[in-house]
Amino acid sequence: MTDAPSLIQSIISCKCPKCRKGDLFVGNNPSNPKQLFEMNKSCPTCSQTFEPEPGFYFGAMFISYAFNTTLFIAVWVLYSNLTEDFSILTLLAIMGISAVVFLPLFFRWSRAIWISIFVPFEKKSQSSGSKT
Ligand SMILES: [Zn+2]
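Residues numbered from 1 in each chain as written. Predicted model: local features only at pLDDT ≥ 70, side-chain atom pairs only at ≥ 80, totals over all residues. Heavy atoms only, no water.

Draft legend 1. How the structure looks around the nonpolar core. Counting 18 residues, the largest nonpolar core has Leu-24, Phe-50, Tyr-57 and Ile-115 as the members making the most contacts within it. Elements represented by at least two residues in this core include exactly α2 (60-82) and α3 (88-118). Sort the elements by how many residues they give to this core and α3 lands first, with three residues. For Phe-50, the contacting residues outside a window of four places in its chain are Cys-16, Pro-17, Asp-23, Leu-24, Met-39, Asn-40, Lys-41, Ser-42, Cys-43, Tyr-57 and Ile-115. Ranked by size, the runner-up nonpolar core spans six residues in total, among them Leu-71, Val-75, Leu-91 and Met-95. (Core = buried A, V, L, I, M, F, W, Y, C linked by side-chain atoms within 4.5 Å. Buried < 20%, exposed > 50% of the residue type's maximum accessible area, 1.4 Å probe, protein only. Helix = DSSP H or I, 4+ residues; strand = E, 2+ residues; numbered from the N terminus. Contact = heavy atoms within 4.5 Å.)

Spelled out as structure tokens, the structure:
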């Protein structure tokens, strides 16, 4: 019995892994590209830090790499099934465009997944708010 969102929901909506309420990222407006990659320093709700150590998100690169590989395979399968005259250049162009389109989403999701691996969920994190 909890009102907190599930792990999957909190990752998709880029919430703090500890309380699943505060936002990981500063802005949620896709029309403001500057804000898409800007993270909060710490959770506005439970004050969990979002950068435990310098270079913490280096590992998130591998998750983002997995997302892109999946995307490229999906694009390749779709394109080769939908077209009569297959062209490797067109395929590469579509892959390039889709990678740019999905970049902010993959960037956010890979960071949300990465921090969720290291920061466990705490039901009562709203009251404690411990700072280290
Ligand atoms: Zn939090």
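This is not the end of the story, as more comes after the structure.
Draft legend 2. Structural view of the coordination of the zinc ion. For the zinc ion, every protein donor is listed as Cys-16 (SG), Cys-19 (SG), Cys-43 (SG) and Cys-46 (SG), and the spread of their distances is 2.2 to 2.3 Å. Geometry at the zinc ion is tetrahedral, judged from the four donor atoms that bind it and their angles of 107 to 115° at the metal. (Donors = N, O, S within 2.8 Å, 3.2 Å for Na, K, Ca; no water. Tetrahedral: all angles 85-135°; square planar, octahedral: opposite > 155°, others 65-115°.)

Draft legend 3. Highlighting the pattern of salt bridges. This model, assessed by the stated rule, comprises one salt bridge. The shortest N-O distance in the salt bridge between Lys-15 and Asp-23 comes to 2.7 Å. By relative accessible area, which is 21% here, Lys-15 ends up partly exposed. (Salt bridge = Lys/Arg side-chain N within 4 Å of Asp/Glu carboxyl O.)

Draft legend 4. Geometry of the packing of aromatic side chains. Considering all chains together, one arrives at 10 aromatic pairs under this definition. Summarising the aromatic geometry, the rings of Phe-56 and Tyr-57 are spaced 4.9 Å apart at their centres and angled 85° between planes, so their arrangement reads as edge-to-face. For the pair Phe-56 and Tyr-57, one class covers both residues: buried. Seen in terms of ring centroids, Phe-67 and Trp-109 are 6.0 Å apart; in terms of plane orientation they differ by 50°. Their pairing is tilted. Taken together, the residues span a long stretch of sequence, with Phe-67 in helix α2 and Trp-109 in helix α3 at a distance of 42 residues. Clustering of aromatic rings is evident, with ring pairs tying together Phe-56, Tyr-57, Trp-114 and Phe-118. When the ring centre of Phe-121 is taken as reference, the NZ or CZ atom of Arg-20 above it lies at 3.9 Å. (Phe/Tyr/Trp six-rings, centres within 6.5 Å; stacked < 30°, edge-to-face > 60°. Lys NZ or Arg CZ within 6 Å of the ring centre and 35° of its normal.)

Draft legend 5. Layout of the confidence of the model for the chain. When pLDDT is averaged along the chain, the result is 89; 91% of the residues meet or exceed 70. The model gives residues 128-132 a pLDDT under 50, and that stretch makes five contacts with residues more than four places away or in other chains. (pLDDT = per-residue confidence, 0-100.)

Draft legend 6. Highlighting a nonpolar patch on the surface. A contiguous nonpolar surface patch, about 730 Å² in accessible area, is contributed by Ile-73, Trp-76, Val-77, Phe-86, Ile-88, Leu-89 and Leu-92. Elements with a contribution of two residues or more to the nonpolar patch: α2 and α3. Tracing the chain through its elements places Phe-86 in the loop between α2 and α3. Residue classification places Phe-86 among the partly exposed residues on the basis of a relative accessible area of 42%. (Patch = residues over 30% accessible without salt bridge, like charges linked within 9 Å, V, L, I, M, F, W, Y side chains within 5 Å. Areas by Shrake-Rupley, 256 points an atom, 1.4 Å probe, with all protein chains shown as cover.)

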